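# Geometric and topological summary
As a plain string of letters, each chain reads:
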Amino acid sequence: MAAAPAIRVRDAELADLDAIMALEIATFPGDAWSRDLMAAELASPHTVYVVVESGDEIVAYAGLSAPAGAGQGDIQTIAVDPTHRRLGIGTVLMRELLGAARARGASEVFLEVRADNPGAEELYRRHGFARVGVRPHYYQPDDVDAIVMRWEGAA
Ligand SMILES: CC(C)(COP(=O)(O)OP(=O)(O)OC[C@H]1O[C@@H](n2cnc3c(N)ncnc32)[C@H](O)[C@@H]1OP(=O)(O)O)[C@@H](O)C(=O)NCCC(=O)NCCS
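Structural notes, computed from the coordinates. (Residues numbered from 1 in each chain as written. Predicted model: local features only at pLDDT ≥ 70, side-chain atom pairs only at ≥ 80, totals over all residues. Heavy atoms only, no water.)

In the sheet, strand 4 (residues 72-80) pairs with strand 5 (residues 108-114) via 3 bridges, with the strands oriented parallel. Among the inter-strand pairings, Gly73 is bridged to a residue of strand 5, identified as Val109. Sheet topology note: the strand 5/strand 7 (residues 144-152) ladder contains 7 bridges and is antiparallel. Paired with Val109 across the two strands is Trp151, which belongs to strand 7. (Pairing = 2+ DSSP bridges. Helix = DSSP H or I, 4+ residues; strand = E, 2+ residues; numbered from the N terminus.)

This is the structure:
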């Protein structure tokens, strides 16, 4: 088995915006967040965004929204560069975000995942998320349902 590359996880900074947007556009073509929205997410006091570096390159990012005092959070996004998938990076990111959710006092975290993305759903299931609902036809124009998942943890 090939050795996993050395990676470093750290909090995202506004200076990472270009690299994050490059990954965002490549990962979610047609559905990517705007640069302004991503910048606002990175700057918000309610969010925690982390990036993964391999060498000098940012190869993954993920974000949580968990306003202090709300007791709840949402996984906003997660993306790993295609050449770095199935190496455990998504797992590392989910651990970071759920740790951050706990630290902010969130005892439940929600997310939406496309019904045609079973790989992501399995990643979330492995981290304790369970299906709580379906939003039919949520993703347009693709006309794909959204599966809503919830994680309950001790705050
Ligand atoms: C979903 C995503 C973040 C997973 O990242 P990753 O670094 O590959 O995840 P990991 O290597 O930590 O995978 C952990 C486990 O999740 C499951 N999993 C992850 N990707 C999977 C896939 N494509 N198919 C089936 N299971 C998958 C597996 O159980 C895997 O364990 P295994 O590799 O030992 O079988 C990545 O595929 C991605 O960026 N996809 C495009 C963006 C996206 O879909 N984001 C989610 C939007 S809701």
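Lining the immediate environment of the ligand, one finds 21 residues, of which Val80, Arg86, Gly90, Thr91 and Asn117 sit closest. For the ligand, a nitrogen atom lies 2.9 Å from a polar atom in the backbone of Ile78. Notes on the ligand: free accessible area 910 Å², of which the protein chains cover 76%. Elements that contribute at least two residues to the shell around the ligand include exactly strand 4, helix 3 (89-103), strand 5 and helix 4 (118-126). Per-element tally for the shell around the ligand: the top contributor is helix 4, with 6 residues. When its residues are assigned to classes, the shell around the ligand shows 10 nonpolar, 6 polar and 5 charged. (Near = heavy atom within 4 Å. Polar contact = N/O pair within 3.5 Å; in protein donor to acceptor, adjacent residues only side chain to side chain. Areas by Shrake-Rupley, 256 points an atom, 1.4 Å probe, with all protein chains shown as cover. Nonpolar A, V, L, I, M, F, W, Y, C, P; charged D, E, K, R; others polar.)

By way of backbone hydrogen bonds, the strands of a sheet pair with one another, either parallel or antiparallel. With mixed pairing, the 7 strands of this open sheet are ordered in space as 1-2-3-4-5-7-6. The open sheet is flanked by strand 1 (8-11) and strand 6 (130-139), the only strands paired with a single partner. Across this sheet, the average inter-strand angle for adjacent strands is 25 degrees, counted without regard to direction. Sitting on the sheet, helix 1 (residues 17-27) is in contact with strand 2 (47-54), strand 3 (57-65) and strand 4, with an inclination near 85 degrees to strand 3. (Axes fitted to C-alpha atoms, helices over the stretch in contact; angles between N-to-C directions. Contact = heavy atoms within 4.5 Å.)

When strand 3 meets strand 4, the two strands line up antiparallel, connected through 6 bridges. In the sheet register, Leu64 faces strand 4, and the bridge partner there is Ile75. Between strand 3 and strand 4, which pair antiparallel one after the other, the connecting turn spans 6 residues, and Gly69 there sits at a positive phi close to 90 degrees. Crossover strand 4 to strand 5 through helix 3 is right-handed. (Right-handed = clockwise from strand over helix to strand, strands pointing away.)

Okay, the packing of aromatic side chains next. As enumerated under the stated definition, the model contains 2 aromatic pairs in all. Judged by centre distance (5.0 Å) and plane angle (80 degrees), the ring pair of Tyr138 and Tyr139 falls under edge-to-face. Looking at Tyr138, the relative accessible area reads 39%, which means it is partly exposed. Judged by its relative accessible area of 16%, Tyr139 falls in the buried class. Here the basic side chain of Arg114 rests over the ring of Tyr139, its NZ or CZ set 5.5 Å away from the ring centre. (Phe/Tyr/Trp six-rings, centres within 6.5 Å; stacked < 30°, edge-to-face > 60°. Buried < 20%, exposed > 50% of the residue type's maximum accessible area, 1.4 Å probe, protein only. Lys NZ or Arg CZ within 6 Å of the ring centre and 35° of its normal.)

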